[in-house]
There are 2 protein chains.
Amino acid sequence: MVQRFGDRDFASNFFTTLRFEGDVLDCEVEGKIPEDIHGTFYRVGGDWLYPPKFDHDSAFSADGYISMFRFANGRVDYKGRFVRTPRFEANLAAGRQLFGIYRNRAADDPSVRGLNSTVSNTTPLVHAGRLFALKEDARPWEIDPHTLETRGEWDFHGKYSSLTFTAHPKVDPVTGELVCFGYEATGEASNDVFIYTIDKHGEVKREVRLKMPYVSELHDFAISREHIVIPVYPLVTSKEWLEAGNIHWAWDDTLPFYTAVLPRDGDAKDVRWYRGSKGAAVHTLNAVTEGNRLVLDAPVSDGNPFPFFPNKDGAPFDPQKAMSTIRRWTFDLGPNADTWHEENLFPQAPGALGRIDDRFIARPYRYAYMGYTDASRPFEPGTPYKSAFPAANCYGRFDMQTRELRTYYVGKTCALQECCFVPRSKDAPEGDGYLIGVATNFPEKRSELVILDAQRMEEVARVILPFRISDQVHGTWAPYEDLPFQMPGKS
Amino acid sequence: MVQRFGDRDFASNFFTTLRFEGDVLDCEVEGKIPEDIHGTFYRVGGDWLYPPKFDHDSAFSADGYISMFRFANGRVDYKGRFVRTPRFEANLAAGRQLFGIYRNRAADDPSVRGLNSTVSNTTPLVHAGRLFALKEDARPWEIDPHTLETRGEWDFHGKYSSLTFTAHPKVDPVTGELVCFGYEATGEASNDVFIYTIDKHGEVKREVRLKMPYVSELHDFAISREHIVIPVYPLVTSKEWLEAGNIHWAWDDTLPFYTAVLPRDGDAKDVRWYRGSKGAAVHTLNAVTEGNRLVLDAPVSDGNPFPFFPNKDGAPFDPQKAMSTIRRWTFDLGPNADTWHEENLFPQAPGALGRIDDRFIARPYRYAYMGYTDASRPFEPGTPYKSAFPAANCYGRFDMQTRELRTYYVGKTCALQECCFVPRSKDAPEGDGYLIGVATNFPEKRSELVILDAQRMEEVARVILPFRISDQVHGTWAPYEDLPFQMPGKS
């Protein structure tokens, strides 16, 4: 017997439960879809097939769900499917949640011991003509890019040794190389990190093995043309902590905030460790190496960013310290330096999920795009938004040169998910194109894909779905050339 | 560019536009699904992929949509798909509605001349291991019973000559024979009716060709063990009427209401024509021949039942005359009789879509089941129900022997669609089982399948979908034995 999710108020939550798979052909549109948008917007997030075993579990335990908006000739189709992980299939067969709390196998049902427990709910990746759903606790799960059917675990022809794979790999836009890593690479609570370079054909070319100063969540990283940059913040775990039945992560305020800097063509011995002030950089925007300086831009918080991961010292969750703002870190690559310089670029615009024009990854760039919360514009009273995270009501274009912030406000009944930049054409100048992202329209109980002119930051069209879709964590734009397709019904 | 349907207020309508295809695995349930329900509830209705060309078009022009609730082991899965008719595919390719008003090709786009224009939106049929979606203007469209993918037009191995096939064929529960017919059998506005008997293996065994007194909507009929009974009410058409660009049907109050009675093993020469008072029997419940008498039970109206089909004399639509109540007609099979006797059995319970325990088709029976409108229980003010038809808020069990009416009331924010009887087991006594049917829950913008104990007429469980589904016209219950399946996720 399935439990009514509504009784636990998942309906207005981050990772609300929709529990269905759907297709919309030739979606309804307000305005006009620009005909030069030709490709697929893939989104990955979580959707509980069954409720978690524990009320205090993290939303990050929700089952992976992949969806796409496919654009061609001014039309758009929508499709959404669960990622059919072994965990999903086991739960479905049993008719209930068999798995314990977030990334801790201690409370799993005995029937699923030894089964891969990833939910594959974080990021879509397109590389070398393949589509994957990613979650940092496992290898990529390959997905059919057209049907969104799950093909299964992918190990790069047996050449990928880490048991895990980051949810934030970086594709070098010039070489087509995929730079990625796995942490807890040799098993739960191990401090092994394996870093890989995979060529544009999907062949593993390099592996570097690092030992980390402590076992922590290495959620994102950045690459410049020359370097790999990994923020190491103290959201930590250990075998003892897990054996005690705890949720995977806890915040340890006594540990330093490190950043590892490593040449892309270097070995483990070449890694340099920098230390910064307390905080976390869960996500990054971009990195650039210029002479003797490395610059990393990222949304950074001053403390534990996640309310569902406890503070080890017992301190209550501090929403102010959890809030991220876009900061610029400068690393001196000369001898002896072991700290970085931090500048808070846009303190007025708190947000956590930022993106750039992906054609400028690892290269000098000008614009970042991020959903942020303008607290002066509250929700319409009664809007049923309930989440561990403040709702984003604006998309900003952050000019990293002039520090100008250009804003799109979605209105007082909607919340915005992570945005994605779509270049007008392959060779368009940086920032010339569209910004797309899903809004949850609460009173209408539906989702709407907003499409902005990314220069004017004004809405040009809105795709109206007839239902609400599950919340995205991350998305990616796949130009038509990268994954060609046929639109259903097109003659 | 797709037009926003919401602007035309399809959202609260009969045949509301949902425009999507969906799957729900292991649906959420209130209460407990009885474990002895093992089989599939198929539903067919309409869902506009694109808005109609004409605002005054009939909802019956909406694209066919087939859905199923699949029950096993106390669980239920839901699936819904458009019927991929040639018309659907042509519209989808063009990105707009290419077809004119209801069953009139005059206003079709020239690009679709000659293309079959059925929308296949009326009734699911399970026979000889196959599933079909039916619409009376075309032959059956075969559907994969598990994926609900459309296989295409079915002509019974080339042995079915009529161009059309009724949406209300009858399966004899003892012989397994399918008795059916097509009207306008040789082309639009023809008065040819071809009647078929198809054996339990799906082989055409008999064809009888009749000429009707006028060309009219022959929507339903009934069979007894010995007879075929066809009500012929004056919702008429003609070549001239269609060439003038009109909607297919108009009500002609000057014409008589006939009923044709024909022995199941007879020929065209054996047909007898009876005449009754003004009215229409769009649907039937059952027929029984006992000695020299034939009894037909049916919901019957006193006039034109459809507001979107005009009165030929220009009279305004009369909702009172459109309302059906369950009546019993008795036909004297002796020589000379040419009228029938009518008795109004349940005048207090107006409704149009009645069903029986299908194991008693053509046999003496006791119970009918029908959604009806209890006008003393209005909607909660503000409920956005908008339809040409009054909303059913009750399911009734009509005891045709004692005249007792036992009622289930769904509450003041829901509307009920046609119900379906599910026997507790193959050999359970008549009426021992469940009554199932979909309720639209307007404030929650979702659909719910209610499951009643069919004897007590009390709710035992409710399947909660996370979205609204398109309105059903008719449904059918396929016991597991008739179409075996594997439930997704069951080990």
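Shown above is the structure to which this text applies.
Nothing here was measured: the structure is a model prediction, and the numbers come from that model.

Participant: Help me understand the overall build of chain A, please; the structure alone is not making it clear to me.
Facilitator: The number of helices and strands found in chain A is 3 helices and 33 strands. Here chain A has a C-alpha radius of gyration of 21 Å; the compact-globule value for 491 residues is 23 Å, and the two agree. By principal-axis analysis of the C-alpha atoms, chain A measures approximately 60 × 55 × 50 Å. Counting all 491 residues of chain A, 65% fall into the buried class. For chain A, the accessible area works out to roughly 17400 Å², and carbon and sulfur atoms hold 49% of it. Between the averaged position of the 57 positive side-chain charges in chain A and that of its 69 negative side-chain charges there is a distance of 1 Å.

Participant: Looking at this model, I keep getting lost on the side chain of T85 of chain A. Mind explaining?
Facilitator: Residues and elements named next belong to chain A. One can find T85 in the loop between β5 (75-82) and α1 (86-94). Judged by relative accessible area, which is 1%, T85 ranks as buried. Here F88 takes part through its backbone nitrogen, which lies 3.0 Å from a polar atom of the side chain of T85. With sequence-adjacent residues up to four places away left out, T85 is seen in contact with T118, V119, S120 and W141.

Participant: Quick question: what am I supposed to make of α1 of chain A here?
Facilitator: Every α-helix winds through 3.6 residues per turn, so residues three or four apart in the chain are directed the same way. Where α1 of chain A is concerned, the buried positions are R87, F88, A90, N91 and L92 of chain A. Contacts from the buried residues of α1 of chain A go to β5 of chain A together with β5 (75-82) of chain B. G95 of chain A, located one to two residues past α1 of chain A, shows a positive phi value of around 75 degrees.

Participant: Is there a simple way to think about the sheet that holds strand β14 (residues 222-223) of chain B in this case?
Facilitator: By way of backbone hydrogen bonds, the strands of a sheet pair with one another, either parallel or antiparallel. Residues and elements named next belong to chain B. Here 4 strands make up an open sheet; going across it, the order is β14-β15-β18-β19 and the pairing antiparallel. With one partner strand each, in any of the chains shown, β14 and β19 (272-276) form the two edges of the open sheet. In this sheet, strand β18 (residues 257-263) lies alongside strand β15 (residues 227-232) in antiparallel orientation, the contact comprising 6 bridges. Pairing of I230 across the sheet is with A260, part of β18.

Participant: Looking at this structure, I do not really get the sheet that holds strand β26 (residues 394-399) of chain A. What am I missing?
Facilitator: All names here are of chain A. If you trace the 4 strands from one edge of the open sheet to the other, you get β24-β25-β26-β27, paired in antiparallel fashion. In this open sheet, the two edge strands, each paired with only one partner strand, are β24 (354-356) and β27 (405-409). Between one strand axis and the next, the sheet turns by 20 degrees as a mean value, whatever way the strands run. Summarising the sheet, β24 and strand β25 (residues 367-372) pair through 3 bridges and their orientation is antiparallel. Across the sheet, residue I356 finds its bridge partner in β25, namely A368.

Participant: Teacher, can you tell me more about unusual backbone geometry here?
Facilitator: Residues other than glycine predominantly adopt negative phi, and peptide bonds predominantly adopt the trans conformation. We note that N73 of chain A has phi near 55 degrees; this positive angle belongs to a residue other than glycine. Examined against the element boundaries, N73 of chain A turns out to sit in the loop between β4 (64-72) and β5. Take N73 of chain A: its relative accessible area is 41%, and that puts it in the partly exposed class. Its identity as a non-glycine residue notwithstanding, R103 of chain B has a phi of 50 degrees, on the positive side.

Participant: Sorry, what's going on with the environment of R81 of chain B here?
Facilitator: Residues and elements named next belong to chain B. Mapped onto the fold, R81 is located in strand β5. The buried category is assigned to R81, whose relative accessible area is 15%. C-alpha separation for the pair R81 and Y365, spaced 284 residues apart in sequence, amounts to 35 Å. Discounting chain neighbours no more than four positions away, the residues touching R81 are E21, G22, D23, Y65, I66, T147 and L148. At 3.5 Å, the side chain of R81 and the backbone oxygen of G22 are in polar contact. Engagement of the side chain of R81 in a polar contact is seen with the side chain of D23, the distance being 2.8 Å.

Cut-off values and rules
Residues numbered from 1 in each chain as written. Chains lettered and ligands numbered in written order. Predicted model: local features only at pLDDT ≥ 70, side-chain atom pairs only at ≥ 80, totals over all residues. Heavy atoms only, no water. Helix = DSSP H or I, 4+ residues; strand = E, 2+ residues; numbered from the N terminus. Rg over C-alpha atoms; globule rule 2.2 N^0.38 Å. Buried < 20%, exposed > 50% of the residue type's maximum accessible area, 1.4 Å probe, protein only. Areas by Shrake-Rupley, 256 points an atom, 1.4 Å probe, with all protein chains shown as cover. Lys, Arg positive; Asp, Glu negative; His and termini not counted. Charge placed at Lys NZ, Arg CZ, Asp CG, Glu CD. Polar contact = N/O pair within 3.5 Å; in protein donor to acceptor, adjacent residues only side chain to side chain. Contact = heavy atoms within 4.5 Å. Pairing = 2+ DSSP bridges. Axes fitted to C-alpha atoms, helices over the stretch in contact; angles between N-to-C directions.

What is shown is where atoms sit, not what they do.
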